[in-house]
Amino acid sequence: MDDNQKLALYRAIAISTASSPLILPLVTPQSRSQAFHTLEEFKKYPGRATVILELLQTERHILPIIDNNGTSNNVDITASTKLYVLTVLQSFLKTDYAKISNNENDRLAIRNAVMVAARQLLQQSMSNPDNTNNNNNNNNSATRNEGEIRFLAIKISALLADIAIRDFPQRWTTFVMDVLSPPDQGGVGLGLWYVPPPPSENAISTKGYGPMIGIKICLEILKIMTEDCTDGDFNSKISTSRRNDVLIGLNEVSDHFLKLIFELLGSQYAIVNAAKLALKEMHTYLIGCGRTVHQMTEQEKLMYTEQVKRRNHAGRIVGDCLGTIEKFCQSMPMDWILGGIGSGSGGTTNDSSSNGHDFVGALFHLLREDTDQLQLQAVNCLQHIVQRKIEQPQWLRIIQTLPQAVSEANDVSNHEQSILAAAEGRAGVDTIQLLVDKLPYHKALSKMMAHTASAHIAHITNDRSIITLKNRDTGPNFQSVSTFLNLLADMLAHPCPKVCAEQNTAWMVLLRDPQISKTETGLLQPCLDRIVNAYMTIIVRCRWDDVDEGIHPYSSLFEEAFDDKESYEMFVSDCRSKANPIIRHISGIDPKLATTVIHRKIQYLFATYCATGGGSDHLDPITGQLTQQSTSVVELEGINLPLDNVIHGLPDWALDDDKQNDRSYMDPSRVQIRQEVRAMIGEVASSVLSWNPSPVWLKFRKVQLIESLKYYWEYDAARLITAIDSLLQSIGAENPNTPNNSTSESQSNLTGDVISLRKRSGSALIAVTKKVPHLLVPFIGQLSDRVKTLLSKSSMLPSNCMHLYEFLSCVATAVEEPVARSNFVADVLSGALNNLELPAIQEAIASPEGLLSFLGVMEAGENPASVTNKANVDRVTNNYITLFSIFNQLLSVGKRCHEAAKKRPNAGIPLPDHQLLAELDQPSQHFPDEGAVSLNILMGNDPFVCLWPRILPSLIKVLDSIFAIWHPQNHAKFLINSVQRYAFAISDDEAYLAQNQTGSSGGIFGEGGTAGSVVRGWDRRNCNLAPKWSGWFNELRNTTLQLLGLLSGSRALYSPEISTFYQSFVNVIANPEHLNCMEHRHVTQYIKQFMEYILLSCPATLYQSHVAPIAAPFFKHMEFRLKCTWAPILKVEGVSPQSTRPLTTSDCERCVNDALNGGDAWFVPYYARGGIFVGDLDSVTSEAVVEKARVEVSRSFADMLQSALALKGDWALVLANIAREEQAAKRNDSSILRTAPSTKGKGSKGPLNADGTKRSKLHVAIEARKLQRIHKLCHFLMLENETIAGYLVLSVAESLNYPDAYTCRRCTKICHRILETVAWVDRYTLLLGSQMFTNGVKAIVYEQKWMVGIEWDMINLIRDVYCRLVLGQTLQYGGQGAAMQAPSDKINNRFEQTKTIENPLQGGGILVSTSDLPRQVLATLPGIRPDMVLQLEEQMKLKRSAKDQKDLLRDLLKIAADNIKETESGQDTGILGRANESESLLNQKQANETNVVQAIPEKLVTHKMAMKQQAKDAAAQEDPPIFSFF
């Protein structure tokens, strides 16, 4: 590069950085563009390495420029130039350094150049003292110079670290001498570790690092090397061998730099202390003189400022040391930090490490130093230490020293703050501001101490002196641990809840471990009271408005801890979820203490707020009533969860007074505790029940407290009926100041608070009743009368009625006699059934026109003004409520009865328990209940089933009418009308759910909500029918579909009594015309609520008669629907990508002709947009609605198939249980069957399911039936009905190409099950070997973005197809494990069929006659030759492990992908575009080999290694092996 080129480069650097005011006139858009072009071209310049080295070693870089006046100026661009060339050099190291790895001269030249630049920077800092002139320009120049020096130092550090990682220690053996030595050792200016001799004004007065910039470089190098070499393998760019060599080398020379760092830490901290002592003396002097720091003379200010500079500069150096030490603590050998600390026996400690550097002691001492956040950095270092595995003596030293160090730090801080406050003229220390300033430190300290305890539980449990008593005395280490835990518990009292929350996991771990929570020494006992009180305090919500307005006593602290109200609310919700199990565990450990604390708290709250009416603030300005923000309401809300968890956590013996024959229950101490606990909770219950508040929100809190006592009512039946009566009163609550016996109130007149009270009371009533339904059976008559009285009130809301019906159904399920139980349920629902049979209702549901007239749609066509006429709106709304309530009541009671039936020991199997128990001794595959069972028999488990003959005819009618409304002719009729069209629209709620919610929008009616967006300007709260119709149709459709699922799940659908309705049922439910006209959102509900239920619940003997008539048209339809849905996304020829746009109001008239014509002209675009009509919704949300509908219908279809094929859900759990039983038998270890997953706790006394839930005593009989259905349903779907099988398999194979990762991943699992079941069947060969295999290969070789993350699943599917159809190999269940080769008959060119052909769950079969279809698919790929395919087969036969075969397939498919890539235009086509190389699986192997620091050939031999080998050789010569004589 000649001088002109170099000058052009200088000019480009200067213009791009504009580092000097003299450059600004040269900066124009054109010059900047040209400058950036020059800089980018230089990066490609072949000889750039030589130029870079030259520029780096040049001490100064000057650019001569001529200004507008013709004056020549020289601009110093040294820093900008070196920063640029260092960046280019760093890029060169990553890409080209490996090419010169064998040329030592080149490596040495690069290393020397960077070291020269570092020494020049150090020399510049040493020779240029800080400019102390008061001139502003000089100060700005000095500040800029210090900033440039700092940036250069960091860049040089990163570059030297990169070089060291590549060359140290084998090739850069002098690293320590070159970098980590003083400049005067080994030659002038050799090292960078320069510490100015005291006193040094340069080091004190500088605004930056001054002459200690070399120290900064050294510390940064060590930090970067440590971080890069200890990073995880996944993210690391350094080979394992190279990383190990660097770490070994650092360990070899660690004594050298650890000594330097420790000495530097001590010397600089001494400066900090000296400066602080001088400042303290100045403060004391000013206080003695009656002056403040604001009244100092000019000379005193100079002296004061000088000491502040000394303190801050030395503090910055100490902070840099701690930054490097923190990395050491995180990843490097513990001996570096701990050494021989605590290595003595018996828990004795040693105050210094083996290398003489007590870093831990220094860290403890630095807890008192708040300069430059040093105490926070010290805590972070300790945090990394305690997170690692440390020996017990070392751990004991930490917990013994930490309480004293924290106490001393607090004392020092308080003393310093009091003196500073006096010197500044303040009345005293501002404790709140002090808490704010120290909040990061307190949070970190709490977290570190919590980890110290929770990460080393074994050190407590393994030390008998801590957990056991010896001669009634505690051991020597007990006091240390106890003191530490007490300090941890004391920190819970911090006013900031985030400090407390840092300990959540620690207390949970300690309390869950029985060896710690139930020790003889009572280790945790002194802490429990404080823990419960602390968590009861922090889960009480503060009013954020008080924080915003500064009224809250800790406003500034909360503002510092939380960003806004939303973050605080999220924190409280999370904290409550963590506090619940903690309080429950404490209640189980010490029932009396937990009960005493909660009893004391409730008595205080009742005395403060209930008896005296305190806390009556923040009233509603209109009604004068209490609000949710009132103090009494807030405080009482906070006690709800603690009370619930205390009672829930109590052991049975603490409440149950009936088991007097159980010796453990009658232990004298337990009897005494039980009496006290029952007395206290009984007093709480009496206080709650006797409390009769008048404000609505206090009634709300009373309801919550009654619900919280739900675990107690079982042991206090006398008060239970009073509690139920109180809840029933709240359900019927009226507006304040309205007489209880008044019936004039209507639903529309109820306030929002009263509605909330009623809803909460209903849910509380259900929650209590579900726990103790058997105790309410004696009162069933009077409860029924009370409910009927409430139902007769005109003001009862539909949700209130639902709760009351559900309440009675819960009680009914506890009635033992089946006939009486069924009669009671029939009586409960008599009103709904009678209403269903009313002529008006029957007329409404008999036809689509009748239903539309009933809901006001038909009238809107004749009289558009009717939709806003209040009288008409009220009438139509009452019509809908009447109709919907009928089906909703039936659904609510039916679901409750069905759930109760499933919870019975026989899981609802219609056989007596004794007959099921007999199956345990005589296993059988013939089950008498696997067929059509009479309703009279089913009624024994489920009292609701006897009502289906009355319900089903009307249910069929209403479904037929709802489905028919969506037929094309109705679209053509109503879409053209400006009002009626909205009957087909989505609801505002569906539009809202399609948006990406942030949680802060306030819901559909809040800011950012979608209310009034579908029907512009109107929402469902307004007096307008149009926005109500969509929600009504959704609710009616979903409720009736759920009733279908209930009909199937309860097996009533397959009973003889229903057989007369079955054909009409099929004609409606499986009507192809109805299926065709459904929107995607309707199909999704149809699949979830009905199809999945009928597939799983139908007895195996009835598949042909009951499943086939419904499943055949369904699967045929789904194949066509999914294909049309995804065609525009896949850009199928002939399908417009614009067809995915949803139908809007402006498009309605255009679609009318298509709707009239019907056929593909209507349905193809109809499915492309999901059938969605969005009304007036905005385009962005509209597209989100369509996208949501598209993926949900695909995912629900895949999920349904997974459930049916035992790949998820209850059937998959059966297979998991069988696998656990096989594992237990193989290991001869029955404890496996009682072990829960790690996320579910420690297990149970009885057998558990694989998911941790408890198994029924009849689980053998239950699972045997499910296992039979698993086998037979799979066989039926794949092999017994060609229509079902063909369209099912085709749909799944096509789904492999639909760009939705969720669907695709699940379809690969379904494909494995298909292959296991039918791969051996010849008629499937074309579908599997061509369609499925081609789609899988296509998904891999095109490397589309949406496939990222699921490529291995797809390659495994390709492997499964190829193994079974070509190679004669079977795989394990789900395509797992190594391939098993079947023997071959070479004469007939066939394979022997596997023995597992009839059992897909054990591997299934293979195609005995090899198919050439998969071979042809591979051979036709670009770049793939037939011989390569044959070579692949040979390799797959030799290497049959899953990893080897998948790697072979990946390597072959990469060739095809690379060839296809060369022919592509490179345009970005969205999710269908090719993933970049960093994301692509096919390029993963290549990517792992590039841009990675590779190992070097030189073998590492350190001094320690050599000495160790010499000792080993010497020992071998002294003691020859015994066999050497032979």
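Notes on the structure follow. Numbers given to residues run from 1 along each chain, matching the order in which its sequence is written. Whole-chain, interface and lining totals are the exception, using all residues; otherwise, since this is a predicted model, local features are given only for residues with pLDDT of at least 70 and side-chain atom pairs are given and counted only at 80 or more. Values reported for side chains reflect all heavy atoms of the structure, with hydrogen atoms and water molecules removed beforehand.

Pairing of aromatic side chains requires ring centres within 6.5 Å, counting the rings of Phe and Tyr and the six-membered ring of Trp. Pairs whose planes differ by under 30 degrees are stacked, by over 60 edge-to-face, and all others tilted. All told, the structure shown has 39 aromatic pairs when counted by the stated rule. Here the aromatic rings of Tyr 880 and Trp 1032 are separated by 4.7 Å at their centres, their planes lie at 10 degrees, and the arrangement is stacked. On the criterion of sequence distance, the pair formed by Tyr 880 in helix α44 (residues 870-903) and Trp 1032 in helix α50 (residues 1026-1049) is long-range, its members being 152 residues apart. Taken as a pair, Tyr 880 and Trp 1032 share a single burial class, namely buried. A ring pair is formed by Phe 1120 and Tyr 1167, whose centres lie 5.9 Å apart and whose planes are at 80 degrees; its orientation type is edge-to-face. Here the residue Phe 1120 occupies a position in helix α54 (residues 1103-1126), and Tyr 1167 occupies one in helix α56 (residues 1159-1168), the gap between them amounting to 47 residues. By way of ring pairs, the aromatic residues Tyr 1062, Phe 1065, Tyr 1086, Phe 1090, Phe 1114, Phe 1115 and Phe 1197 are connected into one cluster. Only Lys NZ and Arg CZ are tested; either one counts as a charge over a ring when it is within 6 Å of the ring centre and within 35 degrees of the ring normal. Its end group placed over the ring of Trp 966, Arg 1037 keeps NZ or CZ at 4.7 Å from the ring centre. Helix and strand labels come from DSSP, where a helix needs a run of H or I of at least four residues and a strand needs a run of E of at least two; each type is numbered from the N terminus. Categorising residues by exposure relies on relative accessible area from a 1.4 Å probe, with only protein chains included: less than 20% of the type maximum marks a residue as buried, more than 50% marks it as exposed, and the intermediate range marks it as partly exposed.

Mapped onto the elements of the fold, Asp 178 is located in helix α7 (residues 175-179). Here a polar contact means two N or O atoms within 3.5 Å. Within protein one must be a hydrogen donor candidate and the other an acceptor candidate, and residues neighboring in sequence count only if both atoms are side-chain atoms. Within the local environment of Asp 178, its side chain forms a polar contact with the side chain of Trp 172, the two groups lying 2.8 Å apart. For Asp 178, the contacting residues outside a window of four places in its chain are Met 115, Arg 119, Trp 172, Leu 190, Gly 191 and Leu 192. Note on contacts: a residue pair is in contact if any heavy atoms of the two residues lie within 4.5 Å.

Strand residues, when the strand is regular, have side chains that alternate between the two faces of the sheet. The alternating pattern of strand β1 (residues 62-66) places Leu 63 and Ile 65 on a buried face, while none of Ile 62, Pro 64 and Ile 66, on the opposite face, is buried. We treat two strands as partners when DSSP finds at least two bridges between them. Of the pairings in the sheet, the one linking β1 to strand β2 (residues 72-76) comprises five bridges and is antiparallel in character. For Ile 65, the partnering residue across the bridge sits in β2 and is Asn 73.

Bridge count between strand β5 (residues 1369-1372) and strand β6 (residues 1376-1381): three bridges; the pairing is antiparallel. Counted as the bridge partner of Gln 1369 is Gln 1381 from β6. Between β5 and β6, which pair antiparallel one after the other, the connecting turn spans three residues, and Gly 1374 there sits at a positive phi close to 80 degrees.

Attention now moves to the state of the cysteines. Disulfides are defined in this document as cysteine sulfur pairs within 2.5 Å. All told, the structure shown has zero disulfides when counted by the stated rule. In this structure Cys 496 is not part of a disulfide, and its nearest cysteine sulfur, from Cys 500, lies 9.7 Å away. According to the relative accessible area criterion, Cys 496 is buried, its value standing at 0%.

Only buried residues count toward a nonpolar core, which is a set of Ala, Val, Leu, Ile, Met, Phe, Trp, Tyr and Cys residues joined through side-chain atoms within 4.5 Å. Within the largest apolar cluster, 443 residues are counted, with the highest numbers of intra-cluster contacts made by Leu 367, Trp 507, Phe 944, Trp 948, Trp 1029, Phe 1065 and Met 1332. With 12 residues, the top contributor of residues to this core is α54. Ignoring any residue separated from it by four or fewer positions in sequence, one finds Trp 507 in contact with Leu 485, Leu 488, Ala 489, Leu 492, Leu 524, Cys 527, Ile 531, Tyr 535 and Ile 582. Grouped together as the second largest cluster of nonpolar side chains are seven residues, Leu 279, Met 296, Tyr 304 and Ala 423 included.

The next point concerns the side chain of Arg 821. Tracing the backbone shows Arg 821 in helix α39 (residues 818-828). Comment: no salt bridge for buried Arg 821; closest opposite-charge side chain is Glu 816, at 5.5 Å. Here the side chain of Arg 821 touches Gly 940 through a polar contact of 2.5 Å, landing on its backbone oxygen. Among residues more than four places away in sequence, those in contact with Arg 821 are Ala 812, Thr 813, Val 815, Glu 816, Arg 904, Met 939, Gly 940, Asn 941 and Pro 943. Residues counted as positive are Lys and Arg, residues counted as negative are Asp and Glu, and His and the chain ends are not counted. Salt-bridge detection follows one rule: a side-chain nitrogen of Lys or Arg within 4 Å of a carboxyl oxygen of Asp or Glu.

This part is about the packing of helix α62 (residues 1325-1341) against helix α66 (residues 1442-1463). Lines fitted to the C-alpha atoms define the axes, with helices restricted to the stretch that makes contact. Angles between their N-to-C directions range from 0 to 180 degrees. Axis separation between α62 and α66 bottoms out at 9 Å; the angle between their running directions is 60 degrees. Here α62 and α66 pass one another in a crossing that is right-handed. Contacts between α62 and α66 involve Val 1337, Ile 1340 and Val 1341 from the first element and Leu 1453, Ala 1456, Ala 1457 and Ile 1460 from the second. Three residue categories are used. Nonpolar comprises Ala, Val, Leu, Ile, Met, Phe, Trp, Tyr, Cys and Pro, charged comprises Asp, Glu, Lys and Arg, and polar comprises the others, including Gly. The residue inventory of the contact of α62 with α66, partitioned by class, reads seven nonpolar, no polar and no charged. What makes a crossing left-handed is the near helix being turned counterclockwise from the far one by less than a right angle; a clockwise turn instead makes it right-handed.

Evaluated as defined, the whole model comprises 65 salt bridges. Among the ionic pairs, Asp 1147 bridges to Arg 1141, the shortest N-O distance being 3.9 Å. The partly exposed category is assigned to Arg 1141, whose relative accessible area is 45%. Between Arg 1474 and Glu 1343 there is a salt bridge, with its nearest N and O atoms 2.5 Å apart. Of this pair, Arg 1474 sits in the loop between α66 and α67 (1484-1489) while Glu 1343 sits in the loop between α62 and α63 (1351-1367), placing them 131 residues apart in sequence.

Patches were defined on residues exceeding 30% relative accessible area and lacking a salt bridge, with like-charge contacts within 9 Å and nonpolar side-chain contacts (Val, Leu, Ile, Met, Phe, Trp, Tyr) within 5 Å. A 1.4 Å probe and the Shrake-Rupley method give the accessible areas. Residues count as covered only by the protein chains that appear here. The atoms used to mark charge sites are NZ of Lys, CZ of Arg, CG of Asp and CD of Glu. A surface patch of like charges, here negative, comprises Asp 545, Asp 548, Glu 549 and Glu 559. Note that Glu 549 resides in helix α26 (residues 544-549). Assessed through its relative accessible area of 57%, Glu 549 is described here as exposed.

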